[in-house]
Amino acid sequence: WLAVYVGSGAYGALVGCASMPARLSVGSSGALCGLIGAWFSFTLVTWNQTLPQDVGERNEQVGAICFCVVIIVAMSFLPWMDYAAHIGGLLAGAAWAMVLFGGRLQHKGYRVATRVAGVFLLVSLYGGALLWFLVFTEVDERMLHIHDQCSGVS
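Residues numbered from 1 in each chain as written. Predicted model: local features only at pLDDT ≥ 70, side-chain atom pairs only at ≥ 80, totals over all residues. Heavy atoms only, no water.

A. Summary view of the environment of Gly 37. Secondary-structure assignment places Gly 37 in helix α2 (residues 29–45). Taking the relative accessible area as the measure of exposure, Gly 37 reaches 7% and is therefore buried. Separated by 50 residues in the primary sequence, Gly 37 and Ile 87 place their C-alpha atoms 9.3 Å from one another. When residues no more than four places from it in sequence are discounted, the contact partners of Gly 37 are Leu 90, Gly 93 and Ala 94. (Helix = DSSP H or I, 4+ residues; strand = E, 2+ residues; numbered from the N terminus. Buried < 20%, exposed > 50% of the residue type's maximum accessible area, 1.4 Å probe, protein only. Contact = heavy atoms within 4.5 Å.)

B. Layout of the environment of Trp 47. As for its position among the elements, Trp 47 is in the loop between α2 and α3 (55–76). Overall, the relative accessible area of 31% leaves Trp 47 in the partly exposed class. Linking Trp 47 and Arg 58, residues 11 residues apart in sequence, is a C-alpha distance of 8.1 Å.

C. Summary view of the packing of aromatic side chains. According to the stated counting rule, one finds seven aromatic pairs in the structure shown. Centroid distance Phe 77 to Tyr 83: 5.3 Å. Interplanar angle 20°. Geometry classified as stacked. Members of the aromatic cluster, joined through ring pairs, are Trp 1, Phe 42 and Phe 101. Directly above the aromatic system of Trp 47 lies the positively charged group of Arg 58, at a separation of 3.7 Å from the ring centroid. (Phe/Tyr/Trp six-rings, centres within 6.5 Å; stacked < 30°, edge-to-face > 60°. Lys NZ or Arg CZ within 6 Å of the ring centre and 35° of its normal.)

D. Molecular detail of the nonpolar core. Ranked by size, the top nonpolar core spans 11 residues in total: Tyr 11, Leu 14, Val 15, Met 20, Ala 84, Ala 92, Ala 95, Val 99, Leu 122, Leu 125 and Ala 129. Elements represented by at least two residues in this core include exactly α1 (2–19), α4 (83–101) and α5 (108–136). Per-element accounting of this core gives the leading share, four residues, to α4. By size, the runner-up hydrophobic cluster in this structure holds five residues, among which are Cys 33, Ile 36, Ile 65 and Ile 72. (Core = buried A, V, L, I, M, F, W, Y, C linked by side-chain atoms within 4.5 Å.)

E. Molecular detail of the side chain of Ser 8. Checked against the element boundaries, Ser 8 lands in helix α1. The exposure class of Ser 8 is buried, given its relative accessible area of 0%. If near-sequence neighbours (up to four positions away) are discounted, Ser 8 is found in contact with Gly 30, Ala 31, Gly 34, Leu 35, Gly 89, Ala 92, Gly 93, Trp 96 and Tyr 126.

F. How the structure looks around a nonpolar patch on the surface. Side chains of Leu 130, Leu 131, Trp 132, Phe 133, Leu 134, Val 135 and Phe 136 sit close together on the surface and give an oily, nonpolar patch of about 720 Å² of accessible area. With respect to the helices and strands, Trp 132 occurs in helix α5. (Patch = residues over 30% accessible without salt bridge, like charges linked within 9 Å, V, L, I, M, F, W, Y side chains within 5 Å. Areas by Shrake-Rupley, 256 points an atom, 1.4 Å probe, with all protein chains shown as cover. Salt bridge = Lys/Arg side-chain N within 4 Å of Asp/Glu carboxyl O.)

G. Expanded view of the environment of Phe 40. Structurally, the position occupied by Phe 40 is in helix α2. Contact partners of Phe 40, with chain neighbours within four places excluded, come to Val 62, Ile 65 and Cys 66.

H. Broad picture of the state of the cysteines. Tallied over the full model, the rule gives zero disulfides. A disulfide-free cysteine, Cys 66 has its sulfur positioned 9.3 Å from the sulfur of Cys 68, the nearest such atom. Judged by its relative accessible area of 37%, Cys 66 is partly exposed. (Disulfide = S-S within 2.5 Å.)

I. Main features of the packing of α2 against α4. At a minimum axis separation of 6 Å, α2 and α4 run at an interaxial angle of 40°. For the element pair α2 / α4, the angle class is oblique. As α2 runs across α4, the sense of the crossing is right-handed. Contacts between α2 and α4 involve Ser 29, Gly 30, Cys 33, Gly 34, Ile 36, Gly 37, Ala 38, Ser 41, Phe 42 and Val 45 on the former and, on the latter, Ala 85, His 86, Gly 89, Leu 90, Gly 93, Ala 94, Ala 97, Met 98 and Phe 101. Among the residues making up the contact of α2 with α4, the classes are represented as 11 nonpolar, eight polar and no charged. (Axes fitted to C-alpha atoms, helices over the stretch in contact; angles between N-to-C directions. Parallel < 35°, antiparallel > 145°, perpendicular 65-115°, else oblique. Left-handed = near helix turned anticlockwise from the far one by under 90°. Nonpolar A, V, L, I, M, F, W, Y, C, P; charged D, E, K, R; others polar.)

Printed below as a string of structure tokens:
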């Protein structure tokens, strides 16, 4: 779970910088959203491993996860929120969970397919965001001198 937290936090920060280079973004919200995305993937991976008496609880968890995702996405577009880090964290967390927890699937074919799909998603997400950041993102000169602006030094 630590790998999911760190990996989705790094991806959320990268996507936040690439999509909004003129805004300062701080915090661990992308990483926390990654844990929620991973929780959803983990629940799907372990779907058939639920005991019959726990099916109701599993279904309630899926409902809670979906409710959390809807609230997170809706709240992410409020002013001063980093929507890219939140949504990016959700996606990266789900992909990390596919790679890390795909081995829990019972059928070998599903284990391999889930892990391969997770690796493909991670490479696509990180590669696409890094490419976007390096090629299309322009530096906002004000952000290079933010310390000077905050401390009152000219």
